[in-house]
Amino acid sequence: GVEEFKIARGDTLANPAFIEKDELKKFDVILANPPYSIKSWNQKGFENDSYGRNIWGTPPQGCADYAFQQHIQKSLDNKKGRSCVLWPYGVLFRDSEKEMRKKMIQNDLVECVISLGKNLFYNSIMESCLLITNNNKPQKNKNKVLFIDARKELKREKTISYLLPKHISKIYNSYNNFKNIENLSYVASISEIIEKD
């Protein structure tokens, strides 16, 4: 049902395409599939970013994933912005991004993490995840993160896998229910996530 959207190509970190009044334009919803773990980017420039995108810190030179995630967060409407970003699993546990990840969690921005199965992408066999953020979580979801393990929710055909409508419905319903379902989803408190590092 989304009718108003815009896609632009370019170097998001060096030269953001969506600017309004010399600041990053704000959006209600951002869906993104940034380039994974790029090594060639201007880390020094990001340390003193003129758009203030380094809200949680500066990522390591060898991996710009959290530069993109912070760009997305800074581009969301402060009151109602939501995002869904496709990432490799590393964004959930790499030591080099630990402090940035911790700040994102402590700010209660992450609403859900959905683990996806192997071979869903033509150019990679790796498993990935969807990181869903929400600047206006419903009261019942505040200070919590829903984890959905959808790695088995797919159909395999030779070297590629597919999400069929039944898989998408199961994932979507689990997201909407926001509760523990054995072998599918788990609601963790922010304190629990931080305690388990």
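Please read all numbers here as calculations on a predicted model, not as lab measurements.

S.K.: Now, about the nonpolar core: what can you tell me, with residues and values included?
M.R.: Formed by 27 residues in total, the largest nonpolar core has its most connected members in Trp87 and Val110. Looking at this core, the elements with two or more residues in it are helix H2 (65–74), strand S4 (82–88), helix H3 (98–106), strand S5 (110–116), strand S6 (128–134) and helix H5 (190–195). Non-local contacts of valine 110, meaning those with residues more than four positions away in its chain, are made with Met104, Ile105, Leu131, Ile132, Thr133, Lys137, Lys144 and Val145. Counting residues in each nonpolar core, the second largest holds 15 residues, with Leu86, Leu154, Ile171 and Val187 among its members.

S.K.: Any details on the packing of H2 against H3? Residues and values, ideally.
M.R.: Axis separation between H2 and H3 bottoms out at 11 Å; the angle between their running directions is 25°. Between H2 and H3, the angle falls in the class roughly parallel. At the point where H2 passes H3, the crossing takes the left-handed sense. Judged by residue contacts, Tyr66, Gln69 and Gln70 of H2 engage Met100, Arg101 and Met104 from H3.

S.K.: How would you sum up the sheet that holds S6? Please name residues and give values.
M.R.: Taken together, six strands build an open sheet; the order of strands is S3-S4-S6-S5-S7-S10 and the sheet is mixed. Of all strands in the sheet, those with a lone pairing partner are strand S3 (29–32) and strand S10 (185–189), marking the two edges. In this sheet, neighbouring strand axes are inclined to one another by 15° on average, regardless of whether the strands run parallel or antiparallel.

Criteria and thresholds
Residues numbered from 1 in each chain as written. Predicted model: local features only at pLDDT ≥ 70, side-chain atom pairs only at ≥ 80, totals over all residues. Heavy atoms only, no water. Core = buried A, V, L, I, M, F, W, Y, C linked by side-chain atoms within 4.5 Å. Buried < 20%, exposed > 50% of the residue type's maximum accessible area, 1.4 Å probe, protein only. Helix = DSSP H or I, 4+ residues; strand = E, 2+ residues; numbered from the N terminus. Contact = heavy atoms within 4.5 Å. Axes fitted to C-alpha atoms, helices over the stretch in contact; angles between N-to-C directions. Parallel < 35°, antiparallel > 145°, perpendicular 65-115°, else oblique. Left-handed = near helix turned anticlockwise from the far one by under 90°. Pairing = 2+ DSSP bridges.

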